[in-house]
Amino acid sequence: MTLLASLNCAGELHVIVGGKAPVAAIRAKAILAAGASPILIEVSDELPKTLEGLVEEGKVKHVKEEYSKTLLQQLGRPDVDNVVDRVFVTLSHTELLLKKQVSDDCKRLRIPVNITDSAELSTFTLLSTHTAGDFQFGVTTSGKGCKLASRIKRELVSSLPPNIAEICNRVGELRKQIQEDDLEEVGGHDDDAITTSKLNSLVKEFSMTRLQQATQRSRWLSQIVEYYPLSKLAEISLEDLKEQYRQDKEESLQRKRQKLQKKGELSLVGSGPGSVSMLTLGALQEIHSADLILADKLVPQQVLDLIPKKSTRLFIARKFPGNAERAQQELLEIGLDALQKGEKVVRLKQGDPYIFGRGGEEFNFFTEHGFPPVVLPGITSALAAPVYLNIPATHREVADQVLICTGTGRRGALPNLPEFVESRTTVFLMALHRIVLLIPHLIEEKGWRADLPVAIVERASCPDQRVIRTTLEKAAAATEALGSRPPGLFIAGNACHVLTKKGDEDWTVEEGTLEPKLSGFLQQLSHPVEGERIAAEPLTPDLKVPVVAK
């Protein structure tokens, strides 16, 4: 990695070693544009015309000597002991030994050196730059290709407002004017009135001293620069800032009053098995209208990525073995506190809230405290996973019933397991970590067939989904041999091999899933444009597709 910097080179003396290549003239012009003076070390009088012209005009000093380390210590400014400030090497690729010598000399003398087409010998590389007035930006590929950097620069320039130079000038003027006003008000210079580590923190309303008011105006300008439409910054005035500040302050106070008067709202939402495509529109709407989201740690990152970062807080349950009950209570208390402050809270659960998700317990808790939640069902992995595995949970003359049960009882004990039914597809949730104990119990005590087809699926519907197809008697050995990627579930029944036949091997493994691509419309709903937010409509039976509101 490299550290990008904008260097002040005014008055410096920069050396160019080698003047026969056209790039030497380019370097000379860049040095002059930066306010430094170029010195060319080149024995030959035969220079490219452009460079020769610069020498004749006196803009480039030509030293007609062979390169030596001594020259680097003689041609610089007196105030830095005559050591040159920077070195640019424009020798041809056939002069590699001399390139390396210059590089080694510069490194010993602590002189920054750039060597054309030899990034590995350079201590700095040049950026492909764009300049418009006081605005500058540069692109570097760290020596991988100047043409590529130039192409990327052109692409970026095409997306900039045409008045970018005016924008820089206007914001600079406003900043200077605010600083001058602040100095007059506070009676002298105070760095905290202009620069603070909390410059971009939210401006809140409070009773302020004059020094605090000065500090707040600088923060306000910082926030305007951050969020105001870029193309309009060139036209904004100090009066506009004052008016906008007054309006926003009034609106903020009004929102605060409304929130204090408003009763908090809670929704209990199922986020589906993991894939964003399995998220319901109702769940997506709730995610984008929440002040606070309380999520299970099993909710996949691709779903959490849909949460608006600027407008919604996220808390993930800190559940781990031995701490589940305490973490659940912490989650409930955080949600209750936010509801009492008038906030919109979404309890986001993987799958469906009422399928082994403790949704009923949470419904009772919040209802008893005066906040009965709206409950949105989610697509449970117990029903979605078989579809992703190409297992028809019911199939004529094979399976006429589906049973969803848990493989883990209270306090880690085995639950009351079902008897075997030949025409049933059984889906066990939370069973993989107990599968070694579970399977012998099913075979020996519940009458399950040892050769019954089964499938183990982990992270169902996610890009890293894994499926293990085997038989009941070999499932424990397969899990121990291949390891586990929670969350996972266990599907058992003759339907497992209706559409996908198992071979002679003990088990087969399938990696990944064909994730359906979201259409442009759904992508817009899932990832609103920066600064936009999906409007929250009341949840009704005739729920409509949420709209993107400016």
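Residues numbered from 1 in each chain as written. Predicted model: local features only at pLDDT ≥ 70, side-chain atom pairs only at ≥ 80, totals over all residues. Heavy atoms only, no water.

Asker: Just give me the short version of empty space enclosed by the protein, but keep the residues and values in it.
Answerer: In this approach, a probe sized like a water molecule rolls over the atoms, and the result shows the empty space that is left. Across all of its chains, the model carries one cavity of 30 Å³ or more by this definition. In this structure, the largest cavity encloses a volume near 40 Å³. Looking at the largest cavity, the residues that line it are Glu419, Phe420, Val421, Arg424, Thr426, Trp448, Leu452, Ala492 and Gly493. Within the lining of the largest cavity, the residues separate by chemical class into five nonpolar, two polar and two charged. (1 Å grid on protein atoms, 1.4 Å probe; cavity = no way out; pocket = protein on both sides within 12 Å on 5 of 7 lines; lining within 4 Å. Points joined across faces, edges and corners; volume = space filled by probe spheres on them. Nonpolar A, V, L, I, M, F, W, Y, C, P; charged D, E, K, R; others polar.)

Asker: With reference to specific residues and values, describe unusual backbone geometry.
Answerer: Phi is positive for phenylalanine 356, which is not a glycine, with a value near 50°. Relative to the assigned elements, phenylalanine 356 resides in the loop between strand 11 (344-349) and helix 12 (359-368). You can call phenylalanine 356 partly exposed: its relative accessible area is 42%. Positive phi, close to 55°, is recorded for arginine 459, a residue that is not glycine. In this structure, arginine 459 sits in the loop between strand 15 (453-458) and strand 16 (466-471). (Helix = DSSP H or I, 4+ residues; strand = E, 2+ residues; numbered from the N terminus. Buried < 20%, exposed > 50% of the residue type's maximum accessible area, 1.4 Å probe, protein only.)

Asker: Account for the packing of aromatic side chains, naming residues and giving values.
Answerer: Inspection of every chain in the model, using the stated rule, returns six aromatic pairs. Between phenylalanine 88 and phenylalanine 124 the ring centres are 5.6 Å apart and the planes differ by 85°, which places this aromatic pair in the edge-to-face class. Taken together, the residues phenylalanine 88 in strand 4 (residues 86-89) and phenylalanine 124 in the loop between strand 5 (113-115) and strand 6 (128-132) connect sequence positions 36 residues apart. Residue classification places phenylalanine 88 among the buried residues on the basis of a relative accessible area of 5%. With a centroid separation of 6.0 Å and an interplanar angle of 45°, the aromatic rings of phenylalanine 428 and tryptophan 448 are classed as tilted. With phenylalanine 428 in strand 14 (residues 424-429) and tryptophan 448 in the loop between helix 14 (435-445) and strand 15, this pair connects stretches of sequence that are 20 residues apart. (Phe/Tyr/Trp six-rings, centres within 6.5 Å; stacked < 30°, edge-to-face > 60°.)

Asker: Any details on helix 2 (residues 49-56)? Residues and values, ideally.
Answerer: Among the residues of helix 2, those classed as buried are Leu51, Gly53 and Leu54. All buried residues of helix 2 project into a common sector of 155° when viewed along the axis, lining one side. The exposed set on the far side of helix 2, more than 90 degrees from its buried face, consists of Lys49 and Glu56. Just past helix 2, the residue glycine 58 takes up positive phi, approximately 80°. (Arc of directions from axis to C-beta.)

Asker: Hey, could you go over the sheet that holds strand 1 (residues 13-17) for me, with residue numbers and the actual values?
Answerer: Within the open sheet, the five strands sit side by side as 3-2-1-4-5. Their pairing is parallel. In this open sheet, the two edge strands, each paired with only one partner strand, are strand 3 (61-63) and strand 5. Going from strand to strand, the sheet's axes swing by 20° on average, the running direction of each strand aside. Of the strand pairs in this sheet, strand 2 (residues 37-41) and strand 3 are connected by three bridges, and their pairing is parallel. Across the sheet, the residue bridging to isoleucine 41 is valine 63, located in strand 3. Contacting strand 1, strand 2, strand 4 and strand 5, helix 1 (residues 23-33) crosses the sheet at an angle of about 175° to strand 1. The strands touched by helix 4 (residues 96-108) are strand 1, strand 4 and strand 5; relative to strand 4, the strand with the most contacts, the crossing angle is about 170°. (Pairing = 2+ DSSP bridges. Axes fitted to C-alpha atoms, helices over the stretch in contact; angles between N-to-C directions. Contact = heavy atoms within 4.5 Å.)

Asker: Any details on the pairing of strand 11? Residues and values, ideally.
Answerer: On a regular strand, each side chain points to the face opposite its neighbour's, so the side chains alternate between the two faces of the sheet. Within strand 11, six of the six residues are buried, which leaves it mostly tucked inside the rest of the structure. Side chains Lys344, Val346 and Leu348 project from strand 11 onto one buried face, and the interleaved Val345, Arg347 and Lys349 project onto a second face that is buried too. The sheet contact formed by strand 8 (residues 265-270) and strand 11 spans six bridges and is parallel. Across the sheet, residue glutamate 265 finds its bridge partner in strand 11, namely lysine 344.

Asker: So what's going on with the environment of isoleucine 224? Residues and values would help.
Answerer: Within the element layout of this structure, isoleucine 224 appears in helix 7 (residues 210-227). Remark: the alpha-carbon pair of isoleucine 224 and valine 171, spanning 53 residues in sequence, is separated by 9.8 Å.

Asker: Which residues make up the sheet that holds strand 11, and what values do they have?
Answerer: Judged by pairing direction, the sheet is parallel, and its five strands sit side by side in the order 10-9-11-8-12 without closing on themselves. Looking along the sheet, the strands with just one partner apiece sit at the ends: strand 10 (313-316) and strand 12 (374-376). Here the average twist between neighbouring strands, direction ignored, is 20°. In this sheet, strand 12 lies alongside strand 8 in parallel orientation, the contact comprising three bridges. Bridge pairing in strand 12 links serine 267 to valine 374.

Asker: Help me get a handle on helix 13 (residues 381-388), residues and values and all.
Answerer: Among all positions of helix 13, only Ser381, Ala382, Ala384, Ala385 and Pro386 are buried. Looking at the buried residues of helix 13, the elements they touch are strand 13 (401-406), strand 14, strand 15 and strand 17 (488-492). Of the residues one or two after helix 13, asparagine 390 is the one with positive phi, at around 65°.

Asker: So what's going on with the nonpolar core? Residues and values would help.
Answerer: Core analysis: the biggest nonpolar cluster contains 21 residues, and Phe428, Ile435, Trp448, Leu472 and Phe490 have the highest contact counts within it. Every element with two or more residues in this core is listed here: helix 14, strand 15, helix 15 (472-482) and strand 17. Not counting residues up to four positions away in its chain, the partners in contact with phenylalanine 428 are Cys405, Thr406, Leu417, Pro418, Leu438, Leu442, Trp448, Leu489 and Phe490. Listed in part, the 20 residues of the second largest apolar core include Tyr67, Leu72, Val102 and Cys106. (Core = buried A, V, L, I, M, F, W, Y, C linked by side-chain atoms within 4.5 Å.)

Asker: Report on the confidence of the model for the chain, specifying residues and quantitative values.
Answerer: On average, residues of the chain carry a pLDDT of 82, and 80% of them reach 70 or more. Long-range and interchain partners of residues 186-208, a stretch whose pLDDT sits below 50, account for 42 contacts in this model, where long-range means more than four residues apart. Note that pLDDT drops below 50 for residues 529-550; the model gives that stretch 36 contacts with residues more than four away or on any other chain. (pLDDT = per-residue confidence, 0-100.)

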